[in-house]
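# Observations on chain architecture
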Amino acid sequence: MTTAPIRVLVVEDDPVAADAHALYVGRVTGFAVAGVAHSRSEAVRVLERTAVDLLLLDLYLPDGHGLHLVRSLRAAGHSADVIAVTSARDLTIVREGVSLGVVQYVLKPFTFATLRDRLTRYAEFRAAAGEASGQDEVDRALGALRAPQAGGLPKGLSAPTLAAVTRTLRDSAAGLTATEAGTAVGISRITARRYLEHLVTEGRAARSPQYGQIGRPELQYRWITSGR
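Residues numbered from 1 in each chain as written. Predicted model: local features only at pLDDT ≥ 70, side-chain atom pairs only at ≥ 80, totals over all residues. Heavy atoms only, no water.

## Description of the overall build of the chain
Rules: For the purposes of this entry, the term helix denotes a DSSP run of H or I that reaches at least four residues, the term strand denotes a run of E that reaches at least two, and both are numbered from the N terminus. Burial status follows relative accessibility: with a 1.4 Å probe on protein chains alone, a residue under 20% of its type maximum counts as buried, one over 50% as exposed, and anything between as partly exposed. Throughout, the Shrake-Rupley method with a 1.4 Å probe supplies accessible areas, and for residues the shown protein chains are the sole cover considered.
Within the chain one finds 9 helices and 10 strands. The buried share of the chain, taken over its 228 residues, is 39%. Total accessible area on the chain is roughly 12600 Å²; 53% of this is exposed by carbon and sulfur atoms.

## Structural notes on the packing of aromatic side chains
What counts here: Stacked, tilted and edge-to-face pairs are distinguished by plane angle, under 30 degrees for stacked and over 60 for edge-to-face with tilted covering the rest, among Phe, Tyr and Trp rings (Trp via its six-membered ring) whose centres lie within 6.5 Å.
The tally for this structure, following the rule as stated, stands at 2 aromatic pairs. With centroids separated by 6.1 Å and ring planes inclined at 65°, the aromatic side chains of Tyr 24 and Phe 110 adopt a geometry described as edge-to-face. Taken together, the residues span a long stretch of sequence, with Tyr 24 in helix H1 (residues 15–26) and Phe 110 in the loop between strand E7 (102–107) and helix H5 (112–127) at a distance of 86 residues. Overall, the relative accessible area of 11% leaves Tyr 24 in the buried class. The class for Phe 110 is buried, based on a relative accessible area of 6%. Between Tyr 24 and Phe 112 the ring centres are 5.5 Å apart and the planes differ by 55°, which places this aromatic pair in the tilted class. Separated by 88 residues along the polypeptide, Tyr 24 in helix H1 and Phe 112 in helix H5 bring together distant segments of the chain.

## Examining the pattern of salt bridges
Rule in force here: Each reported salt bridge corresponds to a side-chain nitrogen of Lys or Arg within 4 Å of a carboxyl oxygen of Asp or Glu.
For the coordinates displayed, the defined rule picks out 7 salt bridges. Between Arg 7 and Asp 53 there is a salt bridge whose closest N-O contact spans 2.9 Å. With Arg 7 in strand E1 (residues 6–11) and Asp 53 in the loop between helix H2 (40–49) and strand E3 (54–58), this pair connects stretches of sequence that are 46 residues apart. One salt-bridge network, held together by shared partners, links Glu 12, Asp 58 and Lys 108.

## Overview of the sheet that holds strand E2 (residues 31–37)
Heads up, the condition is: Pairing between two strands requires that DSSP report at least two bridges joining them. The axes are straight lines fitted to the C-alpha atoms, using for helices just the contacting stretch, and the angles between their N-to-C directions are given from 0 to 180°.
One open sheet holds the 5 strands; their spatial order is E2-E1-E3-E6-E7, and the pairing between them is parallel. A single partner strand is all that each edge strand has here, and the edge strands are E2 and E7. The average angle at which neighbouring strand axes cross in this sheet is 20°, direction not considered. Pairing analysis gives 6 bridges linking E1 to E2, with the strands arranged parallel. For Val 8, the partnering residue across the bridge sits in E2 and is Val 33.

## Some words on the packing of helix H8 (residues 178–185) against helix H9 (residues 189–201)
Packed helices, taken two at a time, are described by the angle their axes make and the gap between the axes. This is how the line gets drawn: When an angle is under 35 degrees it counts as roughly parallel; over 145 it counts as roughly antiparallel; between 65 and 115 it counts as roughly perpendicular; any other value is oblique. A contact between two residues is defined here by any heavy atoms of the two lying within 4.5 Å. We call Asp, Glu, Lys and Arg charged. Ala, Val, Leu, Ile, Met, Phe, Trp, Tyr, Cys and Pro are nonpolar, and the rest, Gly among them, are polar.
Across the interface, H8 lies against H9 with an axial gap of 8 Å and an inter-helix angle of 105°. Taken together, the axis directions place H8 and H9 in an arrangement best described as roughly perpendicular. For the pair formed by H8 and H9, the contact residues are Ala 178, Thr 179, Ala 181 and Gly 182 on the first element and Arg 189, Ala 192, Arg 193 and Leu 196 on the second. Residues of the contact of H8 with H9, tallied by class, amount to 4 nonpolar, 2 polar and 2 charged.

## Digging into the sheet that holds strand E10 (residues 218–223)
If you trace the 3 strands from one edge of the open sheet to the other, you get E8-E10-E9, paired in antiparallel fashion. The strands lining the two open edges of the sheet, one partner per strand, are strand E8 (176–177) and strand E9 (205–210). Note that E8 and E10 share 2 bridges and pair antiparallel. Paired with Thr 177 across the strands is Gln 220, a residue of E10. In the packing of helix H7 (residues 159–170) onto the sheet, contacts are made with E8, E9 and E10, and the angle to E10 comes to roughly 85°. Here H9 sits on the sheet and contacts E8, E9 and E10; the angle it forms with E10, its principal contact strand, is near 50°.

Written out as structure tokens, the structure is:
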């Protein structure tokens, strides 16, 4: 028996970020994009005509706060779960969101791996059914929603150096080559490239060949902005 995919409505006012989030969702097994909305009112219209299981919701929308949308949906009897995707770090808002049924928070900017983990954990939580045999089983069901502890970096990479490379790349609007990043941070070109490639693997940076010079073109790295 084939299980129906979890239908996700992406609500994000930034068109580029919205497309990226929808692309991410579509890459996770067991999930399907039910629609994309760029405002609170557009989200309401989509929900009126489309079955949705989960909202991937930006909290800062042009026509109202995302939690106002959640509150109105609850008042109307809509039971779709919510994963908030936001740059907001106000724990008062986080607590209010939890009371309204926000099951996860994903802070911007985030990687595909981060969202994939949250969606996978949500799917595990959603799949739990039947009567629990005891406290342990209840704890396991709820524990599926908890984010894991930060995993270790690949061998040979250090968190302080990664933070320095990340900060340097984010501050460069035009992007950087490994040579330029290494010079700025104070490490070798080869070492800088390892960190830059790690950021590419994590979905936080993109690379493209830089032409116009004699010899083999050097790779140019740019930070990927995923919204506010």
